[in-house]
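Observations on chain architecture
Each chain, letter by letter, is given below.
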Amino acid sequence: MLIVSLLVIFAAALIAALFGLPALNRRLSITRLSWLLAGAPLVAFILLASRVPQANAGNVYTWQWEWLPSLGLSLGFYIDDLSLFFGLLITFIGTLVVVYTGQYFKGDQGTWRFLTYLLLFMVSMLGIVMAGDVLTLFIFWEGTSILSFLLVAYKTSSKSARSGAFRALLITGGGGIALLVGVLFLSYVVGGTDYATILNSGDVLRSSEFYTVILILIALGAFTKSAQFPFHFWLPGAMSAPTPASAYLHSATMVKAGIYLLARLNPALGFTESWFWLLTITGGITMLTGAYQGLKQNDQKALLAYSTISQLGVLVMLIGQDIAIAYKALVVGILAHALYKSALFLMAGIVDHETGTRDMRRLGGLAKVMPFTFVAGFLAALSMAGLPPMFGFLAKETLLATAVHPTLPPIAAELIRWSAVLAGALMLAQAGFLIYETFLGKPKDPDVHGHEAPVPMWLAPAIPAALSIILAIIPGPKEEAELLSGAAQAAYGETVKVSFVLFHGLTVELLLSIVAISLGILIFVFRHRVRAWQNRVLPNLSLNDVYRWMLQAIDRGAEWATRLQQGKLRIYLMTMIAATVLLVAGLVITQAPLFSYQFSSADSQLNSSLPLLRLLSLGVILGAAAATVVLKRDFSAILALGALGLAVALLYVLEPAPDVALVQIVVDILSLVILVLALIRLPRSQRRKAQDLTSDSRGSSRTALIWNGIIAGTLGLLVAAITLFALLNRPRESLVSPYYANNAKIETGATDIVGAIVVDFRALDTLIEIVVFSLAGLGIYTLLYHAARKHGDQTPAEDARERQGLAQEGLAQGPPLPTRGVGGARASPFIRVTAFVALPLSMILAATHIMYGHDQPGDGFTAGVIISLSVGLWYIVFGYEETRRRLPWLKASNFIGAGILLAVLTGVTAAFVTGSILGNVDFTESWAYMPSGFHISTSFLIEIAICLAVLGGAIHMLNTLGHPGEVEA
Amino acid sequence: MTLLVALTVGLLFAIGIFQMLQRNVIRSLIGLMILANAVNLFLLSTGAYEGLEAAYTTADQPSSDPLPQALILTAIVISMGGTAFILAMLIIISARYKTADMDEVDRLKK
């Protein structure tokens, strides 16, 4: 039921947003729209008020929604007297502000934006006070931050508005993050996020080890929101917001969010030494700072901002106390402040709207012209000053009563007492200053003219101002006192009596009040001298400078950090590798028990088969690797790489792993061929220059080489250590391989287990593998033929042709120049015959591999590569032109497509038959006249598919890289 | 033997990374291929069994572990595909930047 109040206001926000549409915008003027929309907070107010009697009786309205039960997170609402108290304030002043907005922005049809933000803000604020757990609270908390940003920066063209909004968002947002962390700690310690759990776990919290952390974090959240010292400087800067927004946010609602939070959590977190000192000291300093700074201001709104800061300091200070009367002072103070501050802000807005200025050095004597506004402002100012019989006097009295309470520790008592008196005096002086300079005396600037505002507009401040006196004098319904006392009770945890008696008799606090009032009048009378003195002492001390300095430092730090971005790939690579080495080395040294490794002689023995041959192959591997470093010519380095690959293949053979060795050999040779082809396509001049760089050992390049060496060496050492450790501790019992070994014959009819794994058990892996390979081939083709042309990259051959003027003869993109293979047009017939014969022979060999892949080393992949190797031989012997002419059927893309299509179809068929994709189906199981060991099964079809796809990919690679048109003439 | 294999893998890594940090793009690519070989060698030696015979169902002596071998197969193929593609990119770089020196490929910063 109560949530309906939230929804009503949300609906109003939506309606306001809809008025952004030009069709609707034309129909209603902003003033009428705001009258309409003001109904929403009014309805909410009535709804909340109707709930008061029940809440006073102690019924708390809760509603929960299990969001993540597994984590114990739920969202919900918890509405008791404290929530209702704040809620009533929010909706009441909200109604006034919405009406006021209609008058303030009269004529500006674009105000629907402002109204939307305002109403959404109202929703968020109500959400904060009605939230039932800390998560909901946080969500709405952040909502208020964002919406206040939008409201303060409403005049987007004004730089001061933007920077003020940003500053507010930064500070309150930072506090919000602290709040989130604090709240998470809180719910961790307490074991839940909802208020019921938290409020009952006060003792657990207070004795927990995280108490200080939680306290500081939550206090940060509250202090940033409620503009406590040293976070207070965002509030005066936010005065660039339109006055209706300031009146709502910065006087009555948003800044009270922190107060609400502290009050709500007081039963759980409060009543400890740290709580007392933290809140008292912060609150006290804020109180004095606000009061002092306020008097210096010339801008009406700035003065009001500082006095708000001061009053917020008072409220924070009161929450820090642990005596009942402090909480009476708290609720009375909140009410009084909300009433008079909103009235004053609205009044300032009227003055600004009607005269065009807020500067009190130019205003004066407006009482004659704006009588009603003057009366409203005067009453509110009396309340602010704390003069009887206003409600504000009651608030000040109760404050001072707290200050003289006998249970306060003595030092604190004296400090609080006298600082409260001083602050009270300054507030009176400020109030008088504000009213006198604006309304009384002689007009200071002849250009400033004003006239009275329309009735609804001055009614908005008049109502709270009138309430300030009415509430104090006329005793209201008993629900009112009960509401306030219930709210105070929720904050304090025990009974608080609230009564509105103005005169208690001659008490210490009355005397202190008189002292404060007299001092205040004195300061007011001598205001000009006091202000001049203020401007001489510490004129330029401002936390704004600290804030600006911090932002600049962040910028400079970021700039320094980006110095790492040199734009050179090698530096990035070096940095990445160095960082990896450091991190992993650190981890390995501190964690892994490497140093406890004892070399057992068994590990270093070569007790496997053919030990000498293994040693030889290891030696060749290392020698070839060293050769790639040392050899000067790139071509020689590539040959050394080939040797390395073959030596690794030898190691595979000795494992023994014949399938892998076969694949390694053919792939090694193919990559050798491709590397050389690509090498030829790089222009000789570039290659020579790069080669010289490699062998250059002068000065700076020598240091670079040494650094490279160090990084690489460290990494190698690290890898060797990790590898050794991993290999020594590897499991000697495989869980998966026995399954494959036992089921290979049964399920797939294969004797070669590795072949069975590749083509049957893990056929999907193989399918993806050939897709990747084909994509590589297609990618090369696309890249070098199409993309390069599109980007206008000129290959060196084209450059050369252009220079020679052949471009005009239409040969630029034309067919390649006729080429011959090795040995020219009259190549030795021996090699030609060999090449001719090699192709069909390789196809037969490939067919063998495909057919017998299951029983012998070799599979579809080796088949495809072998065929492409023989095609490569054709390119070398016959040249590009003749090969293309003689092998017109060798269209690589078609092969790729056919291969993958066949594989997919086979897989789908097998899925229908056996229930798993790429399962094994033997089509010719019962055929008696097949060659021994050969079956036409899905494995066979997949081998064919692999062969086709791989052949296509490899042919693309050879074709594209071997295209002679791109070779430098 | 394990010690020697570990040392070889580490040394190959060192040489591979050293080559990758070179300015000559071809050497860089060679370094990458050396790294791929080193990793395949490591994979091979993680087999659970010291085999005297190849992994066939008709084997009568203890055979080597077939699972890492299948993984190496896939790895070899894919790294070859990757190498070929990198070569094509090197050619494009050579055409666009008119250089085979890695340090002159610096348009990332601008």
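Since this is a predicted model, take the numbers as computed values, not measurements.

Definitions and cut-offs
- Residues numbered from 1 in each chain as written.
- Chains lettered and ligands numbered in written order.
- Predicted model: local features only at pLDDT ≥ 70, side-chain atom pairs only at ≥ 80, totals over all residues.
- Heavy atoms only, no water.
- Helix = DSSP H or I, 4+ residues; strand = E, 2+ residues; numbered from the N terminus.
- Buried < 20%, exposed > 50% of the residue type's maximum accessible area, 1.4 Å probe, protein only.
- Areas by Shrake-Rupley, 256 points an atom, 1.4 Å probe, with all protein chains shown as cover.
- Contact = heavy atoms within 4.5 Å.
- Buried area = accessible area lost by both parts, 1.4 Å probe.
- Salt bridge = Lys/Arg side-chain N within 4 Å of Asp/Glu carboxyl O.
- Polar contact = N/O pair within 3.5 Å; in protein donor to acceptor, adjacent residues only side chain to side chain.
- Nonpolar A, V, L, I, M, F, W, Y, C, P; charged D, E, K, R; others polar.
- Expected span 1.5 Å × (residues − 1).
- pLDDT = per-residue confidence, 0-100.

1. Quick look at the overall build of chain B
Tallying secondary structure elements over chain B gives 3 helices and 0 strands in all. Going from the N terminus to the C terminus, chain B shows its helices and strands as α-α-α. With 110 residues in all, chain B has 63% of them scored as buried. Accessible surface computed for chain B: about 3,800 Å², of which carbon and sulfur atoms make up 67%.

2. Comments concerning the overall build of chain A
Secondary structure assignment for chain A yields 40 helices and 2 strands. For chain A, with 969 residues in total, the buried portion stands at 54%. Contacts in chain A between residues at least 24 apart in sequence constitute 79% of all its contacts with a sequence separation of at least 6.

3. Focus on the interface of chain B and chain A
The partner chain A presents 114 residues to the 84 residues of chain B that form the contact. Across the chain B/chain A interface, buried area totals approximately 8,800 Å², and carbon plus sulfur atoms make up 73% of it. Our enumeration of links across chain B and chain A arrives at 1 salt bridge. A salt bridge links Arg27 of chain B to Asp634 of chain A; the nearest nitrogen and oxygen atoms lie 3.1 Å apart. Scanning the region where chain B abuts chain A turns up 19 residue pairs in polar contact (both at pLDDT 80 or more). If you tally residues by element for the side of chain B that touches chain A, the top one is helix α3 (residues 66-97) of chain B, at 23 residues. Here the side of chain B that touches chain A is built from residues that sort into 52 nonpolar, 20 polar and 12 charged.

4. Things to note about unusual backbone geometry
Residues and elements named next belong to chain A. For the bond running from Phe229 to Pro230, omega is 0 degrees, close enough to zero to count as cis. Here the bond from Glu655 into Pro656 is cis, since omega is 0 degrees, no more than 30 degrees from zero. With respect to the element layout, Pro656 can be found in the loop between α28 (634-654) and α29 (658-681). Here Ala227, not a glycine, exhibits a phi torsion of approximately 50 degrees, which is positive.

5. Section: helix α21 (residues 478-492) of chain A
Quick reminder: α-helices carry 3.6 residues per turn. Residues three or four places apart thus point the same way. All names here are of chain A. For α21, with 15 residues, the first-to-last C-alpha span of 21 Å sits near the 21 Å given by 1.5 Å per residue. Those residues of α21 that sit buried are Glu480, Leu483, Leu484, Ser485, Gly486, Ala487, Ala488, Ala490, Ala491 and Tyr492. The secondary structure elements touched by the buried residues of α21 are α3 (30-56), α4 (81-104), α13 (256-269), α16 (324-355) and α20 (455-473). Phi for Gly493, located one or two positions after α21, is positive at around 100 degrees.

6. A closer look at the confidence of the model for chain B
Residues and elements named next belong to chain B. Mean pLDDT over chain B works out to 87, with 97% of the residues at or above the 70 mark. Element-level mean pLDDT values for chain B span from 90 in α3 up to 93 in helix α2 (residues 25-45). Here the predicted complex carries an ipTM of 0.95, next to a pTM of 0.67.

7. A closer look at the side chain of His337 of chain A
As for its placement among the helices and strands, His337 of chain A is situated in helix α16. Every residue in contact with His337 of chain A, bar those within four places of it in the chain, is listed here: Ser251, Lys256, Thr308, Gln311 and Ser342 of chain A.

8. Regarding the environment of Ile285 of chain A
All names here are of chain A. Among the secondary structure elements, Ile285 is positioned in helix α14 (residues 273-296). Under the relative-accessibility criterion, Ile285 is labelled partly exposed at 36%. Considered as a pair, Ile285 and Gln228 are 57 residues apart in the sequence and their alpha carbons are 8.4 Å apart.

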